[in-house]
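# Examination of the molecular architecture
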Amino acid sequence: MIRVWKTTLKLRMVIGFIVIFIFAVLLISRAFDLQIIEGGRLSKLADEQFHASVYFMPERGNIYSSNGSILAASVNVPGIAVDPLMVRHKLKNAERLSMTTGVGYEKIIKILTENIQFAWIKRRVTRQTAKNVEKLGIAGVVIVKQPVRYYPNGTLLAHVLGFVGINDNGLSGIEYRYNKFLKGNKRALDVLQDGLGQYIFIRGFGLKKATHGDNIYLTINKQLQFITQYYLDKEAKAAGSGGAFAILMDPNTGAILAMADYPAFNPNYYWKYSARHWRNRAVTDDFEPGSTMKPFIISGALQDGIIKPDTIINGHHGAYYIDGITVHDVGGWFGRLTINQLIEYSCNVCACQVGMKMGKQRVWRWLKRWGMLSMPHAGLLGENAGIDRNVNQWSEVGPCEEAFGQGAAVNGLQEITALSAIANGGYLMKPYIIKKIVNPYGKVIFRAKPEEIRKVINSKTDGEIKYMMRLVVKGGTGQYSKLIDFRVSGKTGTGQIDNPKTGKYYKNKYTASFMAFVPYRHPVLAMLVVQQKPSKISYYGGAVSAPVVRSVFKTALNILNIYPGEKAYRKQSKAGNGAKAVFKTSGSGKGSKKAAENTKSKGLNNKNFLRNDSEIMPDLKGDTIYEALEVLRKYRFDVKIGGSGYLYYQSIKPGINVYNDRAVFLKFRPDEYSYPDLSDAHKTAKKIKK
C-alpha cells in the first residue's frame with residue numbers, strides 16, 4: 001500500500017513538473033513573441049493610445065498703420081465645444097444648450113448622439129453666453145477660446161486690409177497677399193492622456209514666439225485714411241455714384257498714405273456682403289481717364305520740342321473733323337488757344353491735334369515712360385498693367401484719342417504714380433504700401449525704401465506742366481479744389497464708359513475724376529479721386545471729385561503741420577475778419593465772413609456760435625472712432641484720440657453744456673467679446689476658396 005502511494009506521488013510530481021515546464025515554455029514563448037517579435041508594433045500602438053500631438057494655431061501677426069495704430073489684430077474669443085460620450089441625459093441637456101446658445105435643438109441632438117470625443121456646438125459666442133453655458137454645469141461641455149481676426153476700425157481701410165476666414169487664412173487684401181508672413185508656423189505639443197482621453201502631462205511650457213506670425217506696418221496714415229474715406233463717402237453719396245475711390249500719396253517717396261473705396265464693407269462681417277464689395281477699385285478697376293491724361297501727353301510733346309507753352313492751336317469752336325470722326329468739346333466752344341489754355345480749359349480738339357503731331361510711336365513711348373502700360377508693383381492684391389491695344393493696332397486717329405484719354409484704360413494706382421512724378425520734379429517713383437515687416441522678437445526683417453524707377457521729364461518741362469495744372473485750379477475746370485492757404489495744381493477728367501454688349505460708349509454713364517497735388521511749388525501730397533457713374537449733381541470730375549480733394553487737402557495739411565506763407569495768412573485773416581474760429585470749419589472766403597457777420601446781427605457771440613445745433617455733449621460710449629468723429633463733426637473743438645476699437649472714455653462728460661473752444665480726449669480699446677459670430681461663416685469661406 002505504501003509502495004503504491006509512493007509510486008502515485010512520484011507520478012504526480014512528474015506530471016506537475018511537466019505542466020509547470022509546459023507553462024514556463026508557453027510563457028517564455030509568449031514573452032518572446034510580445035517583446036521581440038511583436039515588440040515594435042505593440043510599442044507603437046501604446047504610444048498611439050497614451051501619447052497624442054495637440055496642434056495649436058499660432059498667433060496671427062498684427063497689421064499696423066505707419067504710426068503703430070492697430071488696423072487688424074487677433075484676439076481670443078470663446079466657443080462652445082462638447083465631448084458627446086461624457087454627456088448624460090442628452091435630451092434634457094440638448095434643450096438647455098439650445099436655449100442658452102441659440103443653436104437649433106435638432107442640431108445639438110445630432111452632435112450629442114455621435115460616437116466622437118470632440119465637436120463644436122458654436123465656435124464664436126459672447127462672453128455672457130459663455131458664462132451662461134458654464135453655469136449649466138453639464139459634464140463634457142467646455143468653453144474653448146480660439147483666436148479670431150478683428151478689425152477695430154470697422155470699415156476703415158477694409159478694401160486694402162481684406163479679411164481672414166474661419167481657418168485663419170487670409171482671403172482678400174493684405175491678409176491674403178501676405179498670409180505667409182502673418183499666419184506663422186503651425187506647431188504641435190506632445191501630450192500624455194489617460195484611459196478617458198484626458199491630458200495628464202504636457203511636454204514643454206507652450207509655444208515659442210518663433211511660431212507666431214510677423215507684424216506688418218503699412219505706409220497708411222490712419223488720420224489721413226479716416227478723412228479721405230469720410231469725404232469720399234460723403235461726396236459719392238451726394239453724387240449718387242455707383243462706386244468711387246481715392247488715393248493719397250507722398251509724391252516724393254511713392255508711399256501710399258490713404259486709399260479709400262466706396263461703398264465700404266465691414267471685414268468683421270465680410271460674409272454679409274457680396275464679392276463685388278470686397279474688391280479694391282483703386283487697384284483692380286481700369287477706366288478711361290479722360291482729360292486727366294492730357295498733362296502726361298502734353299508734357300511729352302513739350303519735352304520733345306513739338307510744342308511750347310505759348311504755341312497756338314485752333315479749337316475749331318468745339319468740333320474737329322478728322323478721318324471720319326468728330327472730336328467734340330463739351331461745355332466750351334473754343335477758338336484759338338495756347339497750350340497753357342488747352343490744359344486750363346481742357347480742350348479736347350486742341351489735345352487731339354497735339355497727339356496727331358506726335359504720332360503713334362511717340363505717344364505710345366510716352367505712355368510707357370509714364371508707367372501707364374506697366375504693373376505698379378505696390379504690394380497690393382489685384383494690381384494690373386492697364387489695358388491698351390498694341391500700337392500697331394491703333395487706327396490713324398489713335399494718337400488723337402489717346403491725347404484726351406480715350407482708347408487706353410488705366411487704373412488708379414498707375415495714374416497717381418504718374419501724377420506724383422509731375423509733383424516731385426519728374427521722377428517716377430515706385431509706389432508701395434508695406435513700410436516694414438517685424439518678426440515676433442521685434443527684429444525688422446524687411447524695410448521699404450523709396451525707389452526711383454526713372455526720370456521721366458526734365459525740370460524745365462516739369463515746371464511748365466505744373467504751371468498749366470495750377471491754371472486749372474486757379475481759373476479753369478478745377479476751381480472747386482481751391483484753398484485759401486495753399487496753391488493747388490490739378491486736372492479734371494470726364495471719361496466715357498464702354499458698353500461691352502454694343503462695343504460703343506454709353507450715352508449717359510461717365511467716370512468723373514480729379515487729380516491734384518499741393519503745395520504747388522514743393523508738393524507734399526498728391527491725390528486722385530475717381531467716381532464711377534455719378535447720377536446726381538453732375539458727371540464732371542471738377543464738380544463731384546474736386547471737392548473731395550479740397551476737403552482732404554485742407555484737413556491733411558493741418559494734420560501734417562504744413563503751414564502756408566505769410567501772404568496766405570494775411571489773406572485768410574482779411575477774409576475771415578478776425579472770426580478765426582468760425583472760419584475754421586464753416587467755409588472759406590466771403591462765405592465765412594458773411595456767416596460771421598450774420599451771427600453778430602443776431603446777437604450771438606463766438607462762444608454760442610461754436611455749435612451748429614445742440615449745446616449738449618452726447619454720450620459716445622461704445623462708438624467706433626469713425627462713429628464718434630462723425631458725431632463730433634458738429635462741434636467746434638479739437639479731438640484727440642488714443643487707442644483703437646470702442647470708446648470707453650471721453651474727457652467731456654455726456655450732458656454737459658459745451659460753450660468753449662476746447663479739446664476733447666477720446667480713448668478707445670477693443671472689446672474682445674464684441675466680435676462677429678462666425679459659426680456659419682465656414683460655408684462662405686469654402687465658396688471663396690473654390
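Everything that follows concerns the structure shown earlier in this document.
Residues numbered from 1 in each chain as written. Predicted model: local features only at pLDDT ≥ 70, side-chain atom pairs only at ≥ 80, totals over all residues. Heavy atoms only, no water.

## Description of the overall build of the protein chain
Formally: What counts as a helix is a DSSP run of H or I of at least four residues, what counts as a strand is a run of E of at least two, and both are numbered from the N terminus. When a residue's accessible area, from a 1.4 Å probe over protein chains only, is under 20% of the maximum for its type it is buried; when over 50% it is exposed; and in between it is partly exposed. Here a residue-residue contact requires only that any non-hydrogen atoms of the pair lie within 4.5 Å. All accessibility values rest on the Shrake-Rupley procedure with a 1.4 Å probe; residue burial counts only the protein chains present in the view.
When helices and strands are counted, the protein chain shows 24 helices and 26 strands. In the protein chain, which comprises 690 residues, the proportion classed as buried is 49%. Considering only contacts in the protein chain between residues 6 or more positions apart, those separated by 24 or more positions represent 71%. Summed over its atoms, the accessible surface of the protein chain is roughly 34,700 Å², and 53% of this surface lies on carbon and sulfur atoms.

## Some thoughts on the environment of Ile306
Looking at where Ile306 falls in the secondary structure, it is placed in the loop between helix H11 (294-303) and strand S12 (312-314). Placed 52 residues apart in sequence, Ile306 and Met358 show a C-alpha to C-alpha distance of 7.2 Å. Sequence-distant contacts of Ile306, defined by excluding residues within four places in its chain, comprise Ala301, Lys357, Met358 and Arg362.

## A closer look at the packing of helix H16 (residues 412-423) against helix H17 (residues 459-475)
For any two helices packed against each other, the geometry is given by the interaxial angle and the distance between the axes. In plain terms, the rule: A fitted line through C-alpha atoms serves as each axis, taken over the contacting stretch for helices, and the angle formed by two N-to-C directions is quoted from 0 to 180°. These descriptions rest on fixed angle ranges, namely under 35 degrees for roughly parallel, over 145 for roughly antiparallel, 65 to 115 for roughly perpendicular, and the rest for oblique.
Across the interface, H16 lies against H17 with an axial gap of 9 Å and an inter-helix angle of 110°. The orientation of H16 with respect to H17, classified from their angle, is roughly perpendicular. Residues Leu419, Ala421, Ile422 and Ala423 of H16 pack against Asp462, Ile465, Lys466 and Met469 of H17.

## Focus on the nonpolar core
As a reminder of what qualifies: To form a nonpolar core, buried Ala, Val, Leu, Ile, Met, Phe, Trp, Tyr and Cys residues must be joined to one another through side-chain atoms within 4.5 Å. Segmentation into domains, and thus their bounds, comes from an automatic or database assignment.
In terms of nonpolar packing, the biggest core is built from 88 residues, with Leu218, Ile256, Ile298, Trp370 and Leu380 touching the most fellow members. A total of 7 residues in this core trace back to one element, the largest contributor, which is H16. Formed jointly, this core draws a minimum of three residues from each of two domains, domain 2 (55-218) and domain 3 (222-271 + 280-559). Once residues within four sequence positions are removed from consideration, Trp370 is found in contact with Phe296, Ser299, Ala418, Ala421, Ile422, Leu428, Arg454, Val456 and Ile457.

## Things to note about the environment of Pro295
Within the secondary structure, Pro295 is located in helix H11. Pro295 sits in the buried class, given a relative accessible area of 0%. Taking the C-alpha atoms as reference, Pro295 lies 7.9 Å from Lys491; in sequence the two are 196 residues apart. Sequence-distant contacts of Pro295, that is, excluding residues within four places in its chain, are made with Ile343, Ile422, Ile465, Met469, Lys491 and Met515.

## Looking at the sheet that holds strand S10 (residues 256-262)
The following threshold applies: By this definition, two strands are paired if DSSP reports at least two bridges between them.
With antiparallel pairing, the 5 strands of this open sheet are ordered in space as S10-S9-S23-S22-S21. Both edges of this open sheet fall to S10 and strand S21 (489-498), since each of them pairs with a single strand only. Looking at each pair of strands side by side, their axes are set apart by 10° on average, direction ignored. Summarising the sheet, S21 and strand S22 (residues 505-518) pair through 9 bridges and their orientation is antiparallel. What sits directly across from Thr492, in S22, is Phe514. Across the sheet, H16 lies against strand S9 (243-249), S10, S22 and strand S23 (525-532), angled at about 145° from S23, the strand it touches most.

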